Structures are given as structure tokens and as C-alpha cells.
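Structural overview for review
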Amino acid sequence: MYRNTHQHQHTCRICFEPKIMGQYFLSWFLYGEALCEACRKKMKGEWQVIEKLGLKINSLYPYEGFSRDVLLRFKDGHDQWLNDVFLTPFLTRFYLKYFGSVVVCVPSHESVTDIRGYQPNVLVMKTQYLKICEDVLVKKHPYKQSTMHRDVRGNVKDVIVLENASLIKGKKVLLFDDLCTTGHSLRACYDLLKSHAHSIEVFALFHHEI
């Protein structure tokens, strides 16, 4: 893990090389940038709005190449010290757009009712200054969409359930997921929340360009 072996704040959390300032200084100084300039450029982040299953989804990274490997290292490799590397270049826009919202995360495949597993979505959002409403959306049993054929991914609507709806009653909600593939998980979660929230914005760090 990064914290155990590379604790120095001037070390890149991906390649472990020293971060060199210069034109990069502003991001490093203002936002606590955790990556070196070379790794940040290879992430190729760009804020865009995609549409899947009738939802407008704000997203930053295509699920491919270098940035995909970083997400897998964080998500499947449980390298939790990468939790703040994804949003850093977009923090100002993120804060302005979602100020006053409460965050509801799509539950991870390891997190089911009464059992708390590794929750990458929650870890990312805990680096932001927004209130997270946990235990609003939960999975009744493990279900990992990446192992499912796209024809049956719509079954996720039978797996995720709404609990503690009072936590979001009448509030602006940011529905957050780390990866949008077909959009079925986000669509199912949106439909569960929409009659309780005042408004819902949808955000996914990564998306499949299909």
C-alpha cells in the first residue's frame, strides 16, 4: 500500500517518482495533487456528459488504457490511497456544480445488506466536502455486473433496494458511481431515489464508450 511504503507528500502515488513542480505548481499547491505531471497527463481526464438509458451522466475518464489500470488498482486491488487522484483536476468545477448536495453512492458488489465490504465509491467521496448518506442504497446479495452478459445486466434492479429514504427526503442528491458500463445500475438507483429527492444529478468517474 502507498501509505506504508511511500509516505512522502512529494511522491507520486502511481509511479512513486518525485513530483516536479513548475507549471504543475498551482495544482500541487492548491489541491494537494497526488500525482506527478507525467502520470496526470496519462490519465487523460475530460469532463463530459454522456447519456445512457435516458440518464444524463457527468463523467471524467473513458474506461481504457492507463486510467483504467489506475481504477482497477484502486477498486479491485484495494489500493485505497488512490482515492483522491481522480477528481483533483476538476475540484473547482465539482464543488461549484454540486455544492449543497448530499451524496448517495451506488453500492459496491462487496457491500450487501448488513455487511460492509470495501467501498471504493464511498472512499472517493470522503475526500470531498459533501455529506454522504450511507445505507440509503444497499444490495440484497452480491452482484458484480462486470461478470454478467450485457443482456442480463438489467436484473440489477432486483438486487438494489432503498432504505432510510428519509435521509434524502426533499434534498438535492448527487448519485455517484465509479464506473458506468451500460447504465443499468445508475438507472435502477435513480428510479429508487427520484420520488424522494428534490433533484438528482448523476456522476460516474469512468464510462465505457459504447
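Now for a quick tour of the structure. (Residues numbered from 1 in each chain as written. Predicted model: local features only at pLDDT ≥ 70, side-chain atom pairs only at ≥ 80, totals over all residues. Heavy atoms only, no water.)

1. Quick word on the overall build of the chain
- Within the chain, the regular secondary structure consists of seven helices and eight strands.
- Counting only residues that meet the buried cut, the chain has 48% of its 210 residues in that class.
- Sequence separation of 24 or more characterises 70% of the internal contacts of the chain that already satisfy a separation of 6 or more.
- Summed over all atoms, the accessible surface of the chain reaches about 10,800 Å², with 53% contributed by carbon and sulfur. (Helix = DSSP H or I, 4+ residues; strand = E, 2+ residues; numbered from the N terminus. Buried < 20%, exposed > 50% of the residue type's maximum accessible area, 1.4 Å probe, protein only. Contact = heavy atoms within 4.5 Å. Areas by Shrake-Rupley, 256 points an atom, 1.4 Å probe, with all protein chains shown as cover.)

2. Examining the packing of aromatic side chains
- Under the criterion given, the structure shown has 14 aromatic pairs.
- On the numbers, 6.3 Å between centres and 50 degrees between planes, the contact of Y95 with Y129 is tilted. Residue Y95 is found in helix α5 (residues 91-98), and its partner Y129 is found in the loop between α6 (120-125) and β4 (131-132); the two are separated by 34 residues along the sequence. (Phe/Tyr/Trp six-rings, centres within 6.5 Å; stacked < 30°, edge-to-face > 60°.)

3. Remarks on the pairing of strand β3 (residues 102-105)
- Alternating residues of β3 divide into V102 and V104 and V103 and C105, and every residue in both groups is buried.
- In this structure, β3 lies alongside β4, joined through two bridges in parallel fashion. Looking at β4, one finds that V102 is bridged to K131.
- Summarising the sheet, β3 and strand β7 (residues 172-180) pair through four bridges and their orientation is parallel. Note on β7: the bridge partner recorded for V104 is L175. (Pairing = 2+ DSSP bridges.)

4. Description of the nonpolar core
- With 36 residues, the main nonpolar core has F86, L87, F94, M125, F203 and L205 as its most contacted residues.
- If you list the elements that add at least two residues to this core, you get α3 (37-43), β2 (55-62), α4 (65-75), α5, β3, α6, β7 and β8 (199-207).
- Aside from chain neighbours lying at most four places away, what touches F94 is W47, L87, M125, Q128, L130, L174 and F203.
- I50, L137, C180 and V202 belong to the second largest nonpolar core, which has 21 residues in total. (Core = buried A, V, L, I, M, F, W, Y, C linked by side-chain atoms within 4.5 Å.)

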